[in-house]
Amino acid sequence: QVQLVESGGGLVQAGGSLRLSCAASGRFFSINAMGWYRQAPGKQRELVAAITSEVVTNYADSVKGRFTISRDNAKRTVYLQMSSLKPEDTAVYYCNAEIKTSFSGSRVAYWGQGTQVTVSS
């Protein structure tokens, strides 16, 4: 069974930094794109950053220049380095990964359980 396990959330003051990690476990064939989404109270879940298997990255305009996404394929892990954090970055952050469980299977989107990031002013 494939699982995504996130870590690294917490409480930080505005201007501070945090690094989120998300590790995939279980048996599967390959991981394609990986990404981070967030959902603030009363708002829809939104894409924060994504990275393809070819290491092409994409960022929401609101985090460009402050957040960096990276991946370590050997560790099956995606990271989100967050700097210059703002109170409006407060949200539950979710990891997402497109995974093929077999060579001939289709890609399926998996989600982590979410990790809370709170930025105080």
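Here, the structure is the one placed above.
Only a predicted model underlies this, so the values are computations on that prediction, with no experimental measurement involved.

S.K.: Could you give an account of the overall build of the protein, naming the residues involved and the relevant values?
M.R.: Per the secondary structure count, the protein includes zero helices and eleven strands. Reading the protein from its N terminus to its C terminus gives the helix and strand order β-β-β-β-β-β-β-β-β-β-β. Taking 2.2 N^0.38 as the reference for a compact globule, 121 residues should give roughly 14 Å; the C-alpha atoms of the protein span a radius of gyration of 14 Å, in line with that estimate. Along the three orthogonal principal directions, the C-alpha set of the protein runs to about 50 × 25 × 25 Å. A total of 121 residues make up the protein; the buried ones form 40% of that total. Taking as baseline every contact in the protein between residues at least 6 positions apart, the subset at least 24 positions apart corresponds to 56%. Accessible surface, the protein as shown: approximately 6,600 Å² in total, 48% of it carbon and sulfur. Across the protein, the centroid of the 13 positively charged side chains sits 5 Å from that of the 8 negatively charged ones.

S.K.: Talk me through the sheet that holds strand E1 (residues 3-7); I want residue IDs and the actual numbers.
M.R.: Strand pairing in a sheet is mediated by backbone hydrogen bonds. Such pairs are either parallel or antiparallel. Taken together, the four strands give an open sheet; going across it, the order is E1-E3-E8-E7, and neighbouring strands pair in antiparallel fashion. The open sheet is flanked by E1 and strand E7 (67-72), the only strands paired with a single partner. The average angle at which neighbouring strand axes cross in this sheet is 15°, direction not considered. Direction of pairing for strand E3 (residues 18-25) relative to strand E8 (residues 77-82): antiparallel, over a ladder of six bridges. The residue of E8 that forms the bridge with Cys22 is Val78.

Rules of the game
Residues numbered from 1 in each chain as written. Predicted model: local features only at pLDDT ≥ 70, side-chain atom pairs only at ≥ 80, totals over all residues. Heavy atoms only, no water. Helix = DSSP H or I, 4+ residues; strand = E, 2+ residues; numbered from the N terminus. Rg over C-alpha atoms; globule rule 2.2 N^0.38 Å. Buried < 20%, exposed > 50% of the residue type's maximum accessible area, 1.4 Å probe, protein only. Contact = heavy atoms within 4.5 Å. Areas by Shrake-Rupley, 256 points an atom, 1.4 Å probe, with all protein chains shown as cover. Lys, Arg positive; Asp, Glu negative; His and termini not counted. Charge placed at Lys NZ, Arg CZ, Asp CG, Glu CD. Pairing = 2+ DSSP bridges. Axes fitted to C-alpha atoms, helices over the stretch in contact; angles between N-to-C directions.

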